[in-house]
Amino acid sequence: SYLKGEILTLPPEGRLLPETYQYKRGEVRQVLLNRMVKAMDEALEASWQNRADNLPFKTKYDALILASIVEKETAIEAERARVAAVFVNRLRKNMKLQADPTVVYGITKGRGALGRRLLIKDLQTDHVYNTYTNYGLPIGPIANPGLSSIKAVLNPPDTGELYFVADGTGGHVFAKTLAEHNINVAKWRKIRKLQGN
């Protein structure tokens, strides 16, 4: 191994900035981990200083929680701002976030993939991370969000969108109304059925 030493203190979920880090052979693991925490602190602080007005949350920690949800909702960088906008719009209207990754995190405790589709009973099981049964943000981050997710949450576009669902290509389709969303969900179910899921 190129690194040495044991990790003495593992930071809580959401505290590491996922970036590429340079290190020297023989560097101590805990020192590198501490740099990752410092990088998150600096990225969050800089983004917080440049945030939009009237966001529906009050603290950097709230922004970190929401950014972690955005990070898990889409791997497509170009979608992160729209996903963030949906969640910000829902928070402003006091709507439940209904974010599947929060439910998965509550079930798996962040230890890996669920390994199956979410079931209706999963969405109805109340726990502190379930954004289907609880209003507002969950109690903590569900992932280590990247800079693009943090920036998206702190400066979301004004889309008016309140819903999104998978489109079958790895991305999502967005909607402003429940009627539009229901049409998109029906299309997604048809795609999923054709794929044998």
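See the structure printed just above.
Being a predicted model, the structure only gives us computed values, none of them experimental.

1. Quick word on the overall build of the protein
Right, so step 1: If you tally the helices and strands in the protein, you get seven helices and two strands.
Right, so step 2: Each helix (α) and strand (β) of the protein, taken in turn from the N terminus, gives the series α-α-α-α-α-α-β-β-α.
Right, so step 3: In terms of C-alpha radius of gyration, the protein reaches 18 Å, essentially the compact-globule figure of 16 Å for 197 residues.
Right, so step 4: For the protein, the spread of C-alpha atoms along the principal axes amounts to about 55 × 40 × 30 Å.
Right, so step 5: The buried share of the protein, taken over its 197 residues, is 42%.
Right, so step 6: Across the protein, every contact between residues at least 6 apart in sequence was considered, and the portion connecting residues at least 24 apart equals 59%.
Right, so step 7: Across the protein, the mean location of the 29 positive side-chain charges is 4 Å away from that of the 20 negative side-chain charges.

2. Re the side chain of Glu73
Right, so step 1: Structurally, the position occupied by Glu73 is in helix α2 (residues 60-73).
Right, so step 2: Among buried Asp, Glu, Lys and Arg side chains, Glu73 stands out as unpaired, with Arg90 the closest opposite charge at 9.2 Å.
Right, so step 3: Excluding residues within four positions of it along the chain, Glu73 makes contact with Val83, Phe87, Ala99, Asp100, Pro101, Phe164 and His172.

3. Some words on the packing of helix α1 (residues 29-49) against α2
Right, so step 1: Closest axis-to-axis distance for the α1/α2 pair is 11 Å, and the angle between their directions is 105°. By the criterion of interaxial angle, the relationship of α1 to α2 is roughly perpendicular. From α1, Met40, Leu44, Glu45 and Trp48 reach across to α2, where they touch Lys60, Ala63 and Leu64.

4. Some remarks on the nonpolar core
Right, so step 1: Counting residues in each nonpolar core, the largest one holds 38 residues, and the members touching the most others are Phe57, Leu66, Ile69, Phe87 and Val153.
Right, so step 2: Elements represented by at least two residues in this core include exactly α1, α2, α3 (80-92) and α6 (147-154).
Right, so step 3: In terms of residues, this core owes the most to one element, α1, which gives nine residues.
Right, so step 4: Excluding anything up to four places from it in sequence, Val153 contacts Leu55, Phe57, Ala63, Leu66, Ala67, Val70, Ala84 and Val88.

5. Digging into α6
Right, so step 1: Taken together, the buried positions of α6 are Ser149, Ile150, Ala152, Val153 and Leu154.
Right, so step 2: Packing partners of the buried residues in α6 comprise α1, α2 and α3.

Parameters at a glance
Residues numbered from 1 in each chain as written. Predicted model: local features only at pLDDT ≥ 70, side-chain atom pairs only at ≥ 80, totals over all residues. Heavy atoms only, no water. Helix = DSSP H or I, 4+ residues; strand = E, 2+ residues; numbered from the N terminus. Rg over C-alpha atoms; globule rule 2.2 N^0.38 Å. Buried < 20%, exposed > 50% of the residue type's maximum accessible area, 1.4 Å probe, protein only. Contact = heavy atoms within 4.5 Å. Lys, Arg positive; Asp, Glu negative; His and termini not counted. Charge placed at Lys NZ, Arg CZ, Asp CG, Glu CD. Salt bridge = Lys/Arg side-chain N within 4 Å of Asp/Glu carboxyl O. Axes fitted to C-alpha atoms, helices over the stretch in contact; angles between N-to-C directions. Parallel < 35°, antiparallel > 145°, perpendicular 65-115°, else oblique. Core = buried A, V, L, I, M, F, W, Y, C linked by side-chain atoms within 4.5 Å.

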